[in-house]
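If you want the building blocks of each chain, they are given just below.
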Amino acid sequence: EGIQTKKYQDFTSGTPSENPTIVKIDTAILHQSMIGFGGNITESCLENLKKLSPSDKENFFKIFFDQKSGAGFSYLRVPIGANDFSIGDYSLNDTPGNKPDPQLKLYNPKKLQVFIQFIQEAKKYNPDIKLIMTPWTAPAWMKDTKSLKGGQIKKKYYRAYSDYLIKTINEFESKGIKIDQMTILNEPLIGYAKEHWDFPQTYMSPQDQSHFIQDSLLPKLKGKQTKLLIHDHNWDNAHAADPVFADNKQNPAVQGIAYHCYGGSLSDLQKNLKNHPGVPAFNTECTSSLNHHSDEDTFNWWQDTQSLDAIKSGISGSLGWNLCLDEKGGPQNNGCEDCRGLMTIDSKTSAMTLNPEFKALATTSRVLDSGSIMIDSKESNPQATSIAFKNPDGSLSMVLKNKSKISQAYNVNVDSCASKKYFLPAGATLSVRWFPD
């Protein structure tokens, strides 16, 4: 149970086939470097973790982050300030009566401490965890609406907002935590948020994003290890980020593009990635609903769009939205009413249930590390999908899925060497890691 799937040895016996599917892995053909898989650390999840006994909480961290017995998740997103799954509305620089504070004299990092504690605990199980930070809103006094919920940042406060972001990076660094990536805003192209929104959010047009990034943020990122991702919004509106990326891609602090799964399809993602060949790309937020799809359909969709087919298209990592929520998808802060976490923690019994979204990410995460390189793999049968990796420890990994409705035999050739033979039931996924002979 838990995240345990059948070990690959269980798939090495079956009925011989005259026409097995051939999978060819070529370790000399290298593709993108992987950052890994994981989820967003929301205050709602942290609130649910408070219900767990010490032993259950330890089990939670093992299940999510342990590299031997768990999923080995190595990628986490940290919301900065309030969002739709925070406990209340706030920023890290609230002021009485929204009085302007461009010197950030009232900056208060106290609300970051719960995230810092979570990250420190997770790193005990996986020291290689990489972090991306994202704000949903600037402090209200910087915005034209004087509200956390909607509005735009006044241009006269762009420098103050960049200072706010840098100050937050520095706060994590002062606790020994490196912020590897950042985005300037979560989903900045929500047009309805120009005036008002139901939860903390900020609108920023592509032109304003480019202006802010180029003139205010990038000069202050110089010399820091944190890299910037552009967009952080849906697949189907990613074309809006093209000029933003083009304006800033020559700066070494700009790493790549971040996507969400809430608009469009995998084909939209693939189209945008073709417009940016070789540019690192990440799925930084996705969630499923509590009731709309079967577990099998959800598992398959997540494997396609967040793992197997997405990686073959060029994605370097994927993040679920909430790491955990309760059985009602909460607690919520006026946002999504039926979002489901990667884990459900029952509000009455504290029972922990791993959802198919978690299992879809774990099938890949458990056999690769942050820094693994995708290598070439091709299948002779369109009903099979495979991805393969070179790992930093010298091992090779493969994830192989039988998409057909019948059992299939597979011969896997690595650099034209002797075949490894596997037999997968209909719909089965095989995750395997081995050291070359």
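Our structure is the block above this text.
Residues numbered from 1 in each chain as written. Predicted model: local features only at pLDDT ≥ 70, side-chain atom pairs only at ≥ 80, totals over all residues. Heavy atoms only, no water.

Caption draft 1: Region of interest: the pairing of strand 16 (residues 384-390). Within strand 16, six of the seven residues are buried, which leaves it mostly tucked inside the rest of the structure. Pairing geometry for strand 15 (residues 373-379) and strand 16, over three bridges, is antiparallel. Bridge pairing in strand 16 links Ile 375 to Ala 388. In this structure, the hairpin formed by strand 15 and strand 16 is closed by a connection of four residues. Note: strand 16 against strand 17 (residues 396-402), seven bridges, orientation antiparallel. (Buried < 20%, exposed > 50% of the residue type's maximum accessible area, 1.4 Å probe, protein only. Helix = DSSP H or I, 4+ residues; strand = E, 2+ residues; numbered from the N terminus. Pairing = 2+ DSSP bridges.)

Caption draft 2: The arrangement of the sheet that holds strand 8 (residues 281-285) in detail. Taken together, the eight strands give a closed barrel; going around it, the order is 2-3-4-5-6-7-8-10, and neighbouring strands pair in parallel fashion. Taken strand by strand, helix 8 (residues 295-313) contacts strand 2 (36-40), strand 8 and strand 10 (315-322), and its axis lies near 160° from that of strand 10. Across the sheet, helix 9 (residues 356-365) lies against strand 2 and strand 10, angled at about 150° from strand 2, the strand it touches most. (Contact = heavy atoms within 4.5 Å. Axes fitted to C-alpha atoms, helices over the stretch in contact; angles between N-to-C directions.)

Caption draft 3: Local environment of the pattern of salt bridges. Throughout the structure, instances matching the rule amount to 19 salt bridges. Notably, a salt bridge pairs Arg 77 with Glu 285, separated by 2.8 Å at the nearest N-O pair. Here Arg 77 is found in strand 3 (residues 75-80), whereas its partner Glu 285 is found in strand 8, with 208 residues between them in sequence. Across the pair, exposure class does not vary: Arg 77 and Glu 285 are buried alike. As a salt-bridge pair, Lys 403 and Asp 304 come within 3.6 Å of each other at their nearest N and O atoms. One end of the pair, Lys 403, is in the loop between strand 17 and strand 18 (408-414); the other, Asp 304, is in helix 8, with 99 residues separating them in the sequence. (Salt bridge = Lys/Arg side-chain N within 4 Å of Asp/Glu carboxyl O.)

Fair warning: the whole summary comes from geometry, so function is off the table for now.
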